[in-house]
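The lines below spell out each chain.
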Amino acid sequence: DMGVNYIAIREMTRDRNKAGEIFTNCVVLRILFGIVTFIGIALTINIISSSREVITATYISGLAVVIFFWGDIFSDIFKAYERMELEAISAFWQETFYLLFVLVTLKFDWGLNGIFIALVWSYMARIIYGFLLTFRKFFLPSLKINISMCIFLFKEGLPFGISRILRKVSFNMDTILIKLMR
């Protein structure tokens, strides 16, 4: 999310009357980031692997990652409104649905792709919970996309996003170097 979540939390905390507008613009940015992420995953896996099964599993897990980050907007809202118990309940529902979907996958022997599909469905359950709770307890989304707010959120969040990317790269650098030396 390139750090947009931190800025969204800050801005919603500052002015809760603008929370619906901030939410809508964060959703737009996350959709754009999700598309870029999925394209990156698709290009990378098609270069790295020729196995249809691995490519399909990667597409499904990539979709799960994108959906997971779309659902994080609700965690941001719960943080901005200082309702951390709602985030805990959201995580509980997500994990419970994942367990149920995995059990169904195992029962019908759907294999590795079934496990990743279970992950997608559990993340979708988290999003549905977040939508219902947010629009019932906090605010309704704005139906107007504000390009200047999208740019503001992106520019303000960019240093956080770059920091997170560099932290991930440095954290995994030993694994990358060992693979390269092997």
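Residues numbered from 1 in each chain as written. Predicted model: local features only at pLDDT ≥ 70, side-chain atom pairs only at ≥ 80, totals over all residues. Heavy atoms only, no water.

Asker: Explain the overall build of the protein to me, and be specific about the residues and the numbers.
Answerer: Looking only at helices and strands, the protein has 7 helices and 0 strands in total. Listed N to C, the secondary structure of the protein is α-α-α-α-α-α-α in terms of helices and strands. If one aligns the C-alpha atoms of the protein with their principal axes, the spans along those axes are about 50 × 40 × 25 Å. Considering only intrachain contacts with a sequence separation of at least 6, the fraction spanning at least 24 residues in the protein is 78%. Accessible surface for the protein amounts to roughly 11300 Å². Of this, 70% is attributable to carbon and sulfur atoms. Side chains of the protein carry 19 positive and 14 negative charges; the gap between the two charge centres is 2 Å. (Helix = DSSP H or I, 4+ residues; strand = E, 2+ residues; numbered from the N terminus. Contact = heavy atoms within 4.5 Å. Areas by Shrake-Rupley, 256 points an atom, 1.4 Å probe, with all protein chains shown as cover. Lys, Arg positive; Asp, Glu negative; His and termini not counted. Charge placed at Lys NZ, Arg CZ, Asp CG, Glu CD.)

Asker: Residues and numbers for the confidence of the model for the protein, please.
Answerer: In this model, the protein carries a mean pLDDT of 90, and residues with pLDDT of at least 70 account for 99%. When the elements of the protein are averaged for pLDDT, helix α7 (residues 173–181) gives the smallest value, 73, and helix α4 (residues 84–107) the largest, 93. (pLDDT = per-residue confidence, 0-100.)

Asker: Got a sec to walk through the environment of M173? Specific residues and values, please.
Answerer: Mapped onto the fold, M173 is located in helix α7. A sequence separation of 61 residues divides M173 from L112, and the C-alpha atoms of the two residues are 28 Å apart.

Asker: Which residues make up a nonpolar patch on the surface, and what values go with them?
Answerer: A cluster of nonpolar side chains, I165, V169, M173, L177, I178, L180 and M181, forms an exposed patch at the surface whose accessible area comes to about 710 Å². Listed by contribution, the elements that provide at least two residues to the nonpolar patch are α6 (147–171) and α7. Tracing the chain through its elements places I178 in helix α7. (Patch = residues over 30% accessible without salt bridge, like charges linked within 9 Å, V, L, I, M, F, W, Y side chains within 5 Å. Salt bridge = Lys/Arg side-chain N within 4 Å of Asp/Glu carboxyl O.)

Asker: Can you lay out the layout of surface pockets for me, pointing to particular residues and giving the numbers?
Answerer: In this structure, the largest pocket encloses a volume near 750 Å³. Going through the elements one at a time, α2 (19–48), α3 (52–80) and α6 are the ones with two or more residues in the lining of the largest pocket. If you tally residues by element for the lining of the largest pocket, the top one is α2, at 9 residues. Counted by class, the lining of the largest pocket contains 11 nonpolar, 7 polar and 5 charged residues. Of the voids in this model, the second largest pocket is the one considered here, and its volume is about 170 Å³. Lining the second largest pocket are 13 residues, and of these D72, S75, K79, E87 and R126 sit closest to its centre. (1 Å grid on protein atoms, 1.4 Å probe; cavity = no way out; pocket = protein on both sides within 12 Å on 5 of 7 lines; lining within 4 Å. Points joined across faces, edges and corners; volume = space filled by probe spheres on them. Nonpolar A, V, L, I, M, F, W, Y, C, P; charged D, E, K, R; others polar.)

Asker: Could you give me a rundown of the pattern of salt bridges, with the residues and numbers involved?
Answerer: Taken as a whole and judged by the stated rule, the model has 6 salt bridges. In this structure, the salt-bridge partner of R10 is E11, at a minimum N-O distance of 2.9 Å. By relative accessible area, which is 29% here, R10 ends up partly exposed. Note that E85 and R83 form a salt bridge whose closest N and O atoms lie 2.6 Å from each other. Residues participating in the shared-partner salt-bridge network are R10, E11, R14 and E156. (Buried < 20%, exposed > 50% of the residue type's maximum accessible area, 1.4 Å probe, protein only.)

Asker: Give a detailed account of the packing of helix α1 (residues 4–14) against α6, specifying residues and quantitative values.
Answerer: In the contact formed by α1 and α6, the axes pass within 7 Å of each other and the chain directions differ by 130°. Classified by the angle between their axes, α1 and α6 sit oblique to one another. Of the residues in α6, those touching α1 at V4, N5, Y6, I7, A8, R10 and E11 are F152, L153, F154, E156, G157, F160 and R164. (Axes fitted to C-alpha atoms, helices over the stretch in contact; angles between N-to-C directions. Parallel < 35°, antiparallel > 145°, perpendicular 65-115°, else oblique.)

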